[in-house]
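Residue-level structural notes
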Amino acid sequence: MAEVKLTAEVRTEFGKGAARRIRREDKVPGVIYGHGGDPKHVAIDSHALMMALKTPNALLNLDVDGKSELVIPKAVQREAIRGFLVHVDYLSVKKGEKVTVEIPIHTEGDLAPGSNLLEHILNTLPVEAEATHIPESVTVSIAGLDAGHSVLAKDITLPAGSTLAVEDDAVVLQVVSAQAESAEESAEDAEGAEA
């Protein structure tokens, strides 16, 4: 995963009013935590940060007062309706350090013929990886799976350097058969609606 370089300004004002002023300047307030140091309050250009966060678990190289700091976003808060960034918490990391992140799960292939449905028990897979080599996603083949089959965490091939951060026997995906409504139930529902 490539590093994204961004410039961060140190914030000296705190609270709702200060955060609103920062957002009016098209910047996103945030806090950098980690390694036992004091939290650093920063503001980053809204558009540049939004583009960087399009990649899950983005590794950001922040220029904070002339010093370079590697961080990964840990908590991203967005406005509920329009979706713009409101606040971001960053975790400070070092090269070679292991971090626990959740990576998206993609599926490939077709289920066995019939009325089968794929149920995602986990939408993301918790893994531990080096901070500078976080995998973007993991792909799972579901080709030919029939109702009753499950894909466990231990069955997923992880990218090199990654280990599971969840139990080996955790169910990630399962195939279920579609439940057809019986003729009696649909007739009863129709009668109930007429009454």
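For the structure itself, look to the data block above.
Before going into details, it helps to say that this report is about the structure given with it. (Residues numbered from 1 in each chain as written. Predicted model: local features only at pLDDT ≥ 70, side-chain atom pairs only at ≥ 80, totals over all residues. Heavy atoms only, no water.)

1. Section: the nonpolar core
One recurring pattern in soluble globular proteins is that nonpolar side chains are buried together. Stated formally: Think of a nonpolar core as a cluster: buried Ala, Val, Leu, Ile, Met, Phe, Trp, Tyr and Cys residues, connected wherever their side-chain atoms sit within 4.5 Å. Per-residue accessibility, obtained with a 1.4 Å probe over protein chains only, is compared with the maximum for each type, and a residue is labelled buried under 20%, exposed over 50%, and partly exposed between these values. Numbering goes from the N terminus for both helices and strands, where a helix is a DSSP run of H or I of at least four residues and a strand is a run of E of at least two. Only heavy atoms enter the contact rule, under which two residues are in contact if any of them lie within 4.5 Å.
Core analysis: the biggest nonpolar cluster contains 23 residues, and Ile 72, Val 93, Val 99, Val 101, Leu 125, Ile 156 and Val 172 have the highest contact counts within it. In terms of residue count, the dominant contributor to this core is strand E7 (residues 98-108) (four residues). With near-sequence residues (within four places) excluded, Val 93 lies in contact with His 35, Leu 59, Leu 70, Val 71, Ile 72, Val 99 and Ala 131.

2. Examining the environment of Arg 21
Residue placement: Arg 21 occurs in helix H1 (residues 16-24). On the basis of relative accessibility, which here comes to 38%, the residue Arg 21 falls in the partly exposed class. A C-alpha to C-alpha distance of 55 Å links Arg 21 and Asp 146, two positions 125 residues apart in sequence.

3. A few points about the sheet that holds strand E5 (residues 67-78)
Defined as follows: At least two bridges found by DSSP between two strands is the condition for calling them paired. Simply put, an axis is a line fit to the C-alpha atoms, just over the touching stretch for a helix, and the angle between two N-to-C directions goes from 0 to 180 degrees.
Taken in spatial order, the six strands line up as E1-E3-E2-E6-E5-E4 and close into a barrel, and their pairing is mixed. Pairs of neighbouring strands in the sheet enclose a mean axial angle of 45 degrees, with direction left out of account. One ladder, built from three bridges, connects strand E1 (residues 3-10) with strand E3 (residues 40-45); its direction is antiparallel. Its bridge partner being in E3, Val 10 is matched across the sheet by Val 42. Lying on the sheet, H1 is in contact with strand E2 (27-33), E3 and strand E6 (85-92); it crosses E2 at an angle near 125 degrees.

4. Some thoughts on the sheet that holds strand E8 (residues 116-120)
Pairing within the open sheet is antiparallel, and its three strands lie in the order E8-E13-E11. Each having just a single partner strand, E8 and strand E11 (150-152) make up the two edges of the open sheet. Between one strand axis and the next, the sheet turns by 15 degrees as a mean value, whatever way the strands run. Pairing analysis gives five bridges linking E8 to strand E13 (residues 171-177), with the strands arranged antiparallel. By the bridge assignment, Glu 119 is partnered in E13 with Gln 174.

5. Overview of the side chain of Ser 162
In this fold, Ser 162 is placed in the loop between E11 and strand E12 (163-164). Look past the residues within four positions of Ser 162 in its chain and what remains in contact with it is Glu 128, Ala 129 and Pro 135.

6. Digging into the pattern of salt bridges
Opposite charge on two side chains lets them pair, provided their charged atoms get close. Formally: Salt bridge criterion: a side-chain nitrogen from Lys or Arg within 4 Å of a carboxyl oxygen from Asp or Glu.
Applying the stated criterion to the full structure yields five salt bridges. Close ionic contact of Lys 27 with Glu 9 constitutes a salt bridge, the shortest N to O distance being 2.6 Å. In this pair, Lys 27 is assigned in strand E2 and Glu 9 in strand E1, connecting sequence segments 18 residues apart. Between Glu 69 and Lys 40 there is a salt bridge whose closest N-O contact spans 2.7 Å. Residue Glu 69 is located in strand E5, and its partner Lys 40 is located in strand E3; the two are separated by 29 residues in the primary sequence. For Glu 69, a relative accessible area of 14% puts it in the buried group. Overall, the relative accessible area of 38% leaves Lys 40 in the partly exposed class. Each member of the salt-bridge network shares a partner with another, and the members are Glu 9, Glu 25 and Lys 27.

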